Amino acid sequence: NFIGGSYIYPSNFAWALRRSFEGFRVNNLTNAKVISGGLLCADFTGTCDDSGRVYLTDTYNQGKVNAGWEAIKATYGTYPVNGWGQHVYISGCCRLDDPVYLTVPPFLIGSALYKFYLDCFHDAAVLADGDATKKVFVTEWGWATNPGGMSQVDQAFNIGVAMDVYNTTTYIGAATYFTLHDNPAAGLNYGLRLADDTPKQSWGTFCTKNAGTCCAN
């Protein structure tokens, strides 16, 4: 319901996933994998429904009833999704260890708060699909340092907490940070580096938590 946004019905999304999956298999592209488009996870209500699980579950239900997903599973041994995409934007205002989070649902703080939404999404996906070996791919995640908003110090702290969660959660297939550089013209200041390529404090945290694999400054 956001102005300027768009929406695709779960039934249409189910068909798109089936067609993609089927196209790969028919053309013997057996190494190609279908990851569901990243579903938004944002802490609007502090419940599991914020995780993206509602739309994901609706997609599976529509796929099984209206998009021939059961036939796909009978033919190929799996529903037409090899992994689940999730966009994770949690605690956009504050540090993840802000005590205020203990006063509002889900009454968690720090890494437990962040992982809560990942678990909600993953648990729903496994319930709908039945295959617990499939992974969650976090196709976007991050924090913005907008003027008057979150500081670089707090951004770096949250990134460190999130990466500790990703690095220790076995069902995470990958986590792609949004984004490398700030884009002030678009009002997108999520970068690990400023628009002029100067590293933010979060750059060092990201490199350290990423096993030191970042490019050198």
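Please refer to the structure higher up on the page.
The notes below deal with the structure included here. Nothing here was measured: the structure is a model prediction, and the numbers come from that model.

## Here's the deal with the packing of helix 1 (residues 10-26) against helix 3 (residues 69-76)
When two helices pack together, their arrangement is given by the angle between the helix axes and the distance between those axes.
Part 1: Where helix 1 meets helix 3, the axes come as close as 11 Å, and the angle between the chain directions of the two elements is 25°. Considered as vectors, helix 1 and helix 3 are oriented roughly parallel to each other. As for the relative orientation of helix 1 and helix 3, their crossing is left-handed in sense. Each of A14, L17, R18, F21, E22, R25 and V26 in helix 1 lies in contact with helix 3, whose residues at this interface are W69, I72 and Y76.

## Details of the environment of G92
Part 1: Structurally, the position occupied by G92 is in the loop between strand 2 (83-89) and helix 4 (110-129).
Part 2: When its relative accessible area of 55% is taken as the criterion, G92 is described as exposed.
Part 3: Linking G92 and G37, residues 55 residues apart in sequence, is a C-alpha distance of 22 Å.
Part 4: If we ignore the near neighbours within four places in the chain, the residues touching G92 are W143 and M150.

## Focus: the sheet that holds strand 4 (residues 172-175)
Part 1: With respect to topology, 4 strands assemble into an open sheet ordered 1-2-3-4, the strand pairing being parallel. The sheet is open, and its two edges are formed by strand 1 (39-42) and strand 4, each paired on a single side. The sheet shows a mean angle of 30° between the axes of neighbouring strands, direction not considered.
Part 2: Here strand 1 runs beside strand 2; their pairing, made up of 4 bridges, is parallel. Each residue of the ladder has a partner; that of C41, found in strand 2, is V88.

## Considerations on the state of the cysteines
Part 1: Under the defined criterion, the tally for this structure stands at 2 disulfides.
Part 2: The side chain of C48 participates in a disulfide bridge whose partner is C120; the two sulfur atoms lie 1.9 Å from each other. Linking C48 and C120, the disulfide has an S-S dihedral of approximately -60° and is accordingly described as left-handed. Here the residue C48 occupies a position in the loop between strand 1 and helix 2 (53-66), and C120 occupies one in helix 4, the gap between them amounting to 72 residues. For the pair formed by C48 and C120, the shared burial category is buried.
Part 3: Between the sulfur atoms of C93 and its disulfide partner C94 the distance amounts to 2.3 Å. Between C93 and C94 the sulfur-sulfur dihedral comes to about -90°; the bridge is accordingly left-handed.
Part 4: Here the disulfide map of the protein chain reads 1-4, 2-3, the bonded cysteines being numbered as they appear in the sequence.
Part 5: No disulfide involves C41; its sulfur sits 8.2 Å from that of C120, the nearest cysteine.
Part 6: Given the relative accessible area of 0%, C41 is considered buried.

What counts and what doesn't
Residues numbered from 1 in each chain as written. Predicted model: local features only at pLDDT ≥ 70, side-chain atom pairs only at ≥ 80, totals over all residues. Heavy atoms only, no water. Axes fitted to C-alpha atoms, helices over the stretch in contact; angles between N-to-C directions. Helix = DSSP H or I, 4+ residues; strand = E, 2+ residues; numbered from the N terminus. Parallel < 35°, antiparallel > 145°, perpendicular 65-115°, else oblique. Left-handed = near helix turned anticlockwise from the far one by under 90°. Contact = heavy atoms within 4.5 Å. Buried < 20%, exposed > 50% of the residue type's maximum accessible area, 1.4 Å probe, protein only. Pairing = 2+ DSSP bridges. Disulfide = S-S within 2.5 Å.

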